[in-house]
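# Structural features, examined
For reference, the chains in residue letters:
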Amino acid sequence: MPRHKSDRILIVGAGVFGLGAASELAARGYQNITVIDRFPPPVPDGSSVDISRVIRADYADPIYGRMATEAQALWQTEYKDHFHQSGLVLLTETPEHPYIEGCIDVLRNAKQPFTRLGNGNEAKTAYPALSGNLSRMSGYTNAAGGWADAASAIKQLAFKCAQGRVSFITGPRGTVTQLQRRGNKITGVEVLSGPPITADHIILATGAWTSTLIPTYESVISTGQPVGFIQLTADEAKRLRKLPVVINLSSGFFVFPPTPGTNILKVARHGFGYENPVEVKYPPAQKGMPVLQKTVSSPLRDRSGARTSFIPADSDKALRDGIRQVLPEFADRVWDRTRLCWYTDTPRGDFIITDHPQMEGLFLATGGSGHAFKFLPVLGKYIADVFENVAPQEVKDKWSYENAMNRSPSKGDGSRGGPKRRNLNVTERASL
Ligand SMILES: *[C@@H]1O[C@H](CO)[C@@H](O)[C@H](O)[C@H]1NC(C)=O
Ligand SMILES: *[C@@H]1O[C@H](CO)[C@@H](O)[C@H](O)[C@H]1NC(C)=O
Ligand SMILES: *[C@@H]1O[C@H](CO)[C@@H](O)[C@H](O)[C@H]1NC(C)=O
Ligand SMILES: *[C@@H]1O[C@H](CO)[C@@H](O)[C@H](O)[C@H]1NC(C)=O
């Protein structure tokens, strides 16, 4: 479909994909952009929220590596209020790890500094706050990496959207129940309150909720990943102030330095996650055609998962084991809170940024696969390039629907660790 600057563009989802697209399209002169979501950004149960997100340019994949380097420059300027260059330590239990070797190749080619660790304890020279015994680990450190305050960075991006004359709709009127479909064309969205909202282009940036709105088959799977928060005393936080972000690729466990001001120690697992199976129905393409019904994995829509504090018992134990290995003195602390963070996983960890191949008027910007947030300063530009059909072919292919389909699911990009993906059981689902 051709794009005109006066077209009505409706962006569903106020996370890093939706807001990035809105702010960039506004900057390119689109005059009629509306972002809708259940909550004003930062959306509490989205994955573009929270006190911290890893920021790194280390990628085994050259396209993401380049994008991340570009983003990192802006984290140090436009978004510097939210960025903390604590350094990053990537560890593996095995002598060689394909993801680490790939990252090192990319860093070397990009002439970025890094320090290889034959033995994890060598990291303690630069980062004495690491108290665990890391002798069985290897990997590398990258002093340029760090973390960003996701919630505050998203607020800045949302503000930039509003300055660019983007409209926002939140609450029941901003809660999409289904797409409005006329044959092969998507003409708008139905919402919990009031008449449908129509537009010329619908950009679906609905992250982990995407499969509840359109059939995604095996191209995306929403997975819950455990996160835990521990309240430190001021003295403890001071002692850990120079802690780097530490990622154990063998288990998926990672830990952030304490957040300044609140002294919260955050840990999480970048793993294969949990599925929450729900029954969904999609509107038929034509009147009289049967409703397509499927079981998909999705977080809840109508209750903010951020308000519940549930993680399955096995992941609670895994997070504690992870802390025990890196910072043993904190392994048995009570959680201040825990949560599940919902990833939108694609078979290879590639984003899906493309016109929907069958539904006219529908553009997809999703598939973050647990690694999109760091691209916040540049993601909108890449989305807008695809939207305007000016992106390089290799980028369009990488983020195409076809790339996400027909692949064996759940392999990801090789950066995950820990146990296989599993369904939450009945009791666990009742706790969400
Ligand atoms: C956007 O389009 C709607 C519907 O055509 C119109 O009512 C509204 O005034 C437009 N807004 C802007 C900012 O052009
Ligand atoms: C660290 O672990 C290694 C191997 O398990 C062990 O040989 C070494 O004594 C440990 N170091 C300390 C300081 O406990
Ligand atoms: C990393 O994870 C592996 C696998 O769970 C574990 O054996 C190892 O002790 C962990 N190391 C660190 C430093 O967390
Ligand atoms: C569900 O998993 C939990 C562990 O998180 C376990 O304690 C419980 O027995 C399981 N319930 C069922 C019905 O399988």
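Quick caveat: nothing in here was measured; it's all calculated off a predicted structure.

### Regarding the sheet that holds strand β11 (residues 185-191)
Remark on secondary structure: sheet strands pair via backbone hydrogen bonds, oriented parallel or antiparallel. The sheet built from three strands is open, its strands ordered β10-β11-β12 with antiparallel pairing. Looking at which strands have only one partner, the edges of the open sheet turn out to be β10 (176-182) and β12 (197-198). Two elements, β10 and β11, share six bridges in a ladder whose sense is antiparallel. Within β11, the position partnered with V176 by the bridge is V191.

### Considering the UniProt feature "signal peptide" (unreviewed entry) in the protein chain
UniProt annotation of "signal peptide" (unreviewed entry) refers to residues 1-22 when read in the numbering used here. Structurally, residues 1-22 comprises 32% helix and 23% strand, and the distance from its first C-alpha atom to its last is 18 Å.

### Some details on the site of ligand 3
The environment of ligand 3 is made up of E93, L134, R136, M137, N248, S250, S251, Q325 and V326. Between ligand 3 and E93 there is a distance of 2.5 Å, counted from an oxygen atom to a side-chain nitrogen or oxygen. Contact distances for ligand 3 include 2.4 Å between an oxygen atom and a side-chain N or O atom of N248. Calculation on ligand 3 without its partners gives an accessible area of 360 Å², and the protein chains cover 81% of this total. When atoms are counted within 2 Å of each cavity's grid points, the one that captures over half of ligand 3 is the second largest pocket.

### As for the site of ligand 1
Lining the immediate environment of ligand 1, one finds R8, Q31 and N32. Relative to its unbound accessible area of 360 Å², ligand 1 is 29% covered by the protein chains.

### Quick look at helix α8 (residues 376-387)
Look at α8: 17 Å from first C-alpha to last across 12 residues, which is about the 16 Å you get at 1.5 Å a residue. Burial of α8 is extensive: 11 of the 12 residues sit out of reach of the surface. Within α8, burial applies to L376, P377, V378, L379, G380, Y382, I383, A384, D385, V386 and F387. A positive backbone phi angle near 60 degrees is found at N389, which sits one or two residues after α8.

### Quick look at the packing of helix α1 (residues 16-27) against α8
One can describe the packing of α1 onto α8 by two numbers: an axis separation of 7 Å at closest approach and a directional angle of 70 degrees. By the angle between their axes, α1 is roughly perpendicular relative to α8. In this structure, α1 crosses over α8, and the sense of that crossing is right-handed. Taken together, the residues of α8 that come into contact with α1 (itself represented by V16, F17, G20, A21, E24 and L25) are L376, L379, G380, K381, I383, A384 and F387.

### Digging into the pattern of salt bridges
Between side chains of opposite charge, a pair can form when the charged atoms approach closely. Applying the stated rule across the entire model yields 28 salt bridges. Linking D50 and K266 is a salt bridge whose minimum nitrogen-to-oxygen distance equals 3.2 Å. Here the residue D50 occupies a position in the loop between β2 (32-36) and β3 (53-55), and K266 occupies one in strand β17 (residues 264-269), the gap between them amounting to 216 residues. Both residues of the pair, D50 and K266, belong to the buried class. Within this structure, E24, R28, D385 and E388 form a network of salt bridges that share partners.

### Side note on the layout of surface pockets
In this structure, the second largest pocket occupies an estimated 320 Å³ of space. Taken together, 21 residues make up the lining of the second largest pocket; nearest its centre are M137, N248, S251, D321 and Q325. Mapped by element, the contributors of at least two residues to the lining of the second largest pocket are β15 (245-248) and α7 (313-326). Considering every element that reaches the lining of the second largest pocket, the biggest residue donor is α7, with six residues. Considering only residue class, the lining of the second largest pocket consists of 10 nonpolar, seven polar and four charged.

### Concerning unusual backbone geometry
Backbone torsion omega between P41 and P42 reads 0 degrees, so that peptide bond is classified as cis. Not every positive phi belongs to a glycine, and N263 is a case in point at roughly 55 degrees. Positive phi is not limited to glycine here, since N389 has a value of about 60 degrees. By the secondary structure assignment, N389 is in the loop between α8 and α9 (393-398). Judged by its relative accessible area of 54%, N389 falls in the exposed class.

### Brief notes about the nonpolar core
One recurring pattern in soluble globular proteins is that nonpolar side chains are buried together. If you look at the biggest cluster of nonpolar residues, it comprises 74 residues, and the most contacted ones within it are F17 and W75. Ranked by residues supplied to this core, first place goes to α8 with eight residues. Residues within four places of W75 in sequence aside, it is in contact with I55, K80, H82, F83, A148, A153, F373, K374, L376 and P377.

How each quantity is defined
Residues numbered from 1 in each chain as written. Chains lettered and ligands numbered in written order. Predicted model: local features only at pLDDT ≥ 70, side-chain atom pairs only at ≥ 80, totals over all residues. Heavy atoms only, no water. Pairing = 2+ DSSP bridges. Helix = DSSP H or I, 4+ residues; strand = E, 2+ residues; numbered from the N terminus. UniProt positions renumbered as here; feature names shortened; annotations may be inferred. Near = heavy atom within 4 Å. Polar contact = N/O pair within 3.5 Å; in protein donor to acceptor, adjacent residues only side chain to side chain. Areas by Shrake-Rupley, 256 points an atom, 1.4 Å probe, with all protein chains shown as cover. 1 Å grid on protein atoms, 1.4 Å probe; cavity = no way out; pocket = protein on both sides within 12 Å on 5 of 7 lines; lining within 4 Å. Sits in = over half its atoms within 2 Å of the grid points. Expected span 1.5 Å × (residues − 1). Buried < 20%, exposed > 50% of the residue type's maximum accessible area, 1.4 Å probe, protein only. Axes fitted to C-alpha atoms, helices over the stretch in contact; angles between N-to-C directions. Parallel < 35°, antiparallel > 145°, perpendicular 65-115°, else oblique. Left-handed = near helix turned anticlockwise from the far one by under 90°. Contact = heavy atoms within 4.5 Å. Salt bridge = Lys/Arg side-chain N within 4 Å of Asp/Glu carboxyl O. Points joined across faces, edges and corners; volume = space filled by probe spheres on them. Nonpolar A, V, L, I, M, F, W, Y, C, P; charged D, E, K, R; others polar. Core = buried A, V, L, I, M, F, W, Y, C linked by side-chain atoms within 4.5 Å.

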